[in-house]
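# Remarks on the overall topology
What follows is each chain in one-letter form.
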Amino acid sequence: MRKNSFYALLVGLAVVATSCSNLKPLSQSNFNATPSPLETVGNNVPVTVNGTFPEKWFNKKATVKITPVLKYAGTKESYGSTQTYQGEKVSGNGIEIPYNRGGNFNMSFNFPYQPDMLTSELFMRFDAKIKNKTVKLPEVKVADGIIATSALASAQNTAPSVAPDGFQRIIKQTQEANIHFIIQQANIRSSETNKQDMRTWQQRVQDAFNDPRQNVDVEISAYASPDGGVSLNERLAAQREKNTTQYLESELKKRNVNVDVNARYTAQDWEGFRQLLEASDLQDKELVLRVLSMYPDPETREREIKNISFVYSDLASTILPQLRRSRITANIEIIGKSDEEIMDFWRTNPKKLSVEELLYASTLTDNDADREKIYQYVTVNFPQDYRGWNNMATAYYQRGEYNNARQALDRAALVSPNAPEVNVNKALFAMMDGNTSLAKELLGKSSGANNLDAAMGLLYLMEGDYNQAVDAFGDTKSNNAALAQILTKNYNAADFTLKAIKTPDALTYYLMAIVGARTNNFSDVMSNLRSAITMDKTMATRALDDLEFAKYRTNQDFMTLLR
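Treat the numbers as computed from the prediction; the structure is a model and nothing was measured.

The rules behind each value
Residues numbered from 1 in each chain as written. Predicted model: local features only at pLDDT ≥ 70, side-chain atom pairs only at ≥ 80, totals over all residues. Heavy atoms only, no water. Buried < 20%, exposed > 50% of the residue type's maximum accessible area, 1.4 Å probe, protein only. Helix = DSSP H or I, 4+ residues; strand = E, 2+ residues; numbered from the N terminus. Pairing = 2+ DSSP bridges. Lys, Arg positive; Asp, Glu negative; His and termini not counted. Salt bridge = Lys/Arg side-chain N within 4 Å of Asp/Glu carboxyl O. Polar contact = N/O pair within 3.5 Å; in protein donor to acceptor, adjacent residues only side chain to side chain. Core = buried A, V, L, I, M, F, W, Y, C linked by side-chain atoms within 4.5 Å. Contact = heavy atoms within 4.5 Å. Axes fitted to C-alpha atoms, helices over the stretch in contact; angles between N-to-C directions. Parallel < 35°, antiparallel > 145°, perpendicular 65-115°, else oblique. Left-handed = near helix turned anticlockwise from the far one by under 90°. Nonpolar A, V, L, I, M, F, W, Y, C, P; charged D, E, K, R; others polar. pLDDT = per-residue confidence, 0-100. Phe/Tyr/Trp six-rings, centres within 6.5 Å; stacked < 30°, edge-to-face > 60°. Lys NZ or Arg CZ within 6 Å of the ring centre and 35° of its normal.

## Considerations on the pairing of strand β4 (residues 62–72)
Judged by how many residues are buried, β4 sits mostly within the fold: 8 of 11 residues are covered. Examined bridge by bridge, β4 and strand β9 (residues 120–130) share 11 bridges and lie antiparallel to one another. When the bridges of β9 are listed, V64 appears paired with A128. Across 4 bridges, the pairing between β4 and strand β6 (residues 83–86) is antiparallel. Within the sheet, the bridge partner assigned to T63 lies in β6 and is Q86. Connecting β4 to the antiparallel partner strand β5 (residues 76–79) that follows it, the hairpin turn spans 3 residues, and A73 within it adopts a positive phi of roughly 50°.

Have a look at this one:
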């Protein structure tokens, strides 16, 4: 009896020991990957895996390290962060899993996306020990493939920032002179008409009138100072305007200048008074400015200012004499060269063109080679103007000559390191290199640059902020703008954007095919993939592996097209 009892006890202990010491292989049903299939967000593949350790699975003395492994391109592997779990009798820093109840676990990790990850598999790999003894557990596949549509965002498909010209067809200028009067008088003194600024004014008007590329008209604004009463100043300002007009018309007639003269007068020049007072260094000017703001009535203003006797004497000697005047203004329009003249000079005598006219000439041609020649001419003849170097860089960039583009951009930055267009283009290269933090810094210093919106939209795409990308692109018609709309599931808008692109490329048609697949339009899938493959044969391989088209892999016509 004793012998049988002792034998039963040994068997029972052996069973318990066996059940506590073995870690059985886990199956796919113990894991759930989100999303599945995996999907890029920007240029990354974020994954969350929820798992379950079954009841009475986790040995009390076991330590299990789990490492996510993404397998792709045959032998390549990329690894997520390892997480450690441990049994109840292990002293360590791992997450404790009870033996009797088992437990759930959660792992979140991220893989930087590589183009050859399109066909891939996600496994959970185990490094398990019971005490110091290694336990071999087979890895478990938890997800298959990556939808990598967001990774189609590309700096190479983003238009670079061309620095603008400053050409103006009509340049407006003004030439001013003043005739000052003695208090309560309106006669024009020879001392005023013989001043240098008056002689310069008259000559400038004559030159403008005689130049067929210039238009000129004249304005007269006569004033009285705010002292002396409204009725007196009304008559005084009107007489000053009349005398000034007669004088100017006589002088211009002597020079055979026939221009329009528009005249007006202001009885009391309170606005001029305020401006001169604010610009002055009078000690108590704030007191007078307060009076101006408190009393809108002219007579009350004048009385209150005069009551400040210690200030008024300074005003009478410094401010008021400057207001007794007629201001004469010549409004001049300088008419620039026509488009035809500019292009004719470019072809025959480019030295006759200013740098602004040259840069403007580059906008008048649709020929890329001609445009590049203009940029080259600017870099040679105006080497200290960053725009020539920057725009030369954009020409190289759009041809795919990125090394040359970087070199030209470096020259532009040497001349003007803070130029907004230079910063946008450097940001595009930073994004091409995967350095979004540097791109963000550069774009933050690019306010006002041409094509800034497109670069910002690309940055948001690469960061996975698709709604912000849509907002940044606005009405831009580009592959990247359409991609942002696809990723926010606005397929009608994406279709409209793609069809509005002036020079569609293989990627344009490929994105149209994705829209077709997502809206279950097989005809659009086939026609657009056919166009994409015609322009770029590598699109066939991409489409064959792309999970966007997975549901068509059993369709004979689809597979024939790709093979």
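## Description of the side chain of R204
With respect to the helices and strands, the residue R204 is situated in helix α3 (residues 196–210). Summary of buried charges: R204 has no salt-bridge partner, and the nearest side chain of opposite charge, D207, is 5.5 Å away. Among the polar contacts listed, one links the side chain of R204 to the side chain of Q173, at a separation of 3.2 Å.

## Here we look at the nonpolar core
Ranked by internal contacts, the top residues of the largest apolar core, which has 73 residues, are L443, L461, Y510, L529, F549 and F558. Here this core gets 9 residues from one element, more than from any other, and that element is helix α21 (residues 506–518). Setting aside chain neighbours within four positions, we find Y510 in contact with L152, L529, A532, M539, R542, A543, D546 and F549. In this structure, M107, L137, A148 and A151 belong to the second largest nonpolar core, which totals 38 residues.

## Considering the sheet that holds strand β15 (residues 261–266)
Read across the sheet, 4 strands follow the order β13-β16-β14-β15 without closing on themselves; strand pairing throughout is mixed. For this open sheet the edge positions go to β13 (170–180) and β15, each flanked by a neighbour on one side alone. Going across the sheet, the axis of each strand differs from the next one's by a mean of 20°, ignoring polarity. Examined bridge by bridge, strand β14 (residues 214–223) and β15 share 6 bridges and lie parallel to one another. Pairing of E219 across the sheet is with N262, part of β15.

## Focus on the pattern of salt bridges
A complete count under the given rule lists 28 salt bridges for this structure. Measuring nitrogen to oxygen at the nearest pair gives 2.8 Å for the salt bridge that ties D116 to K76. Highlighted residues: D116 in the loop between β8 (103–112) and β9 and K76 in strand β5, separated in sequence by 40 residues. Between R274 and E278 there is a salt bridge whose closest N-O contact spans 2.9 Å. Residue R274 and its partner E278 are both found in helix α5 (residues 270–279); the two are separated by 4 residues, about one turn of the helix.

## Brief notes about the sheet that holds strand β3 (residues 44–53)
Ordered in space as β1-β3-β8, the 3 strands form an open sheet in which the pairing is antiparallel. Where the open sheet ends on each side, the last strands, each with one partner, are β1 (31–34) and β8. The mean inter-strand angle of the sheet, taken between neighbouring strand axes irrespective of direction, is 20°. Taken together, the 4 bridges between β1 and β3 define a ladder with antiparallel strand orientation. By the bridge assignment for β3, A33 is matched with V49.

## Section: the packing of helix α16 (residues 436–443) against helix α17 (residues 452–463)
Between α16 and α17, the shortest axis-to-axis distance is 11 Å and the interhelical angle comes to 150°. Compared by their axis directions, α16 and α17 come out roughly antiparallel. Here α16 runs over α17; the crossing is left-handed. Residues T436, A439, K440 and L443 of α16 form the contact with α17, whose own contacting residues are L452, A455, M456, L459, M462 and E463. Looking at the contact of α16 with α17 residue by residue, the class counts come to 7 nonpolar, 1 polar and 2 charged.

## A few points about the confidence of the model for the chain
Averaged over all residues, the pLDDT of the chain equals 92, while 96% of them reach at least 70. Ranking the elements of the chain by mean pLDDT puts helix α1 (residues 2–21) last with 42 and α21 first with 98. Taken together, the stretch residues 1–20 has pLDDT below 50 and engages in 4 contacts with residues farther than four places along the chain or on a different chain.

## Details of the environment of K141
Among the secondary structure elements, K141 is positioned in strand β11 (residues 140–144). With 390 residues separating them along the chain, K141 and S531 place their C-alpha atoms 37 Å apart. When sequence neighbours within four positions are dropped, the list of residues in contact with K141 reads Q28, E121, L122 and F123. Here the side chain of K141 touches D144 through a polar contact of 3.3 Å, side chain to side chain.

## Examining the packing of aromatic side chains
All told, the structure shown has 19 aromatic pairs when counted by the stated rule. Residues F31 and F105 carry aromatic rings whose centres are separated by 5.9 Å and whose planes lie at 70° to one another, so their mutual orientation is edge-to-face. Here F105 lies in strand β8 and F31 lies in strand β1, a separation of 74 residues in the sequence. In this structure, F31 and F105 share a single accessibility class: buried. Both rings, one in F53 and one in Y85, keep their centres 5.4 Å apart while their planes meet at 65°; by these two values the pair is edge-to-face. You can see F53 sitting in strand β3 and its partner Y85 sitting in strand β6, a full 32 residues away along the chain. Between K71 and the ring centre of F123, over which it is positioned, the NZ or CZ distance is 4.4 Å. We note R325 situated over the ring of Y223; from NZ or CZ to the ring centre the distance is 4.2 Å.

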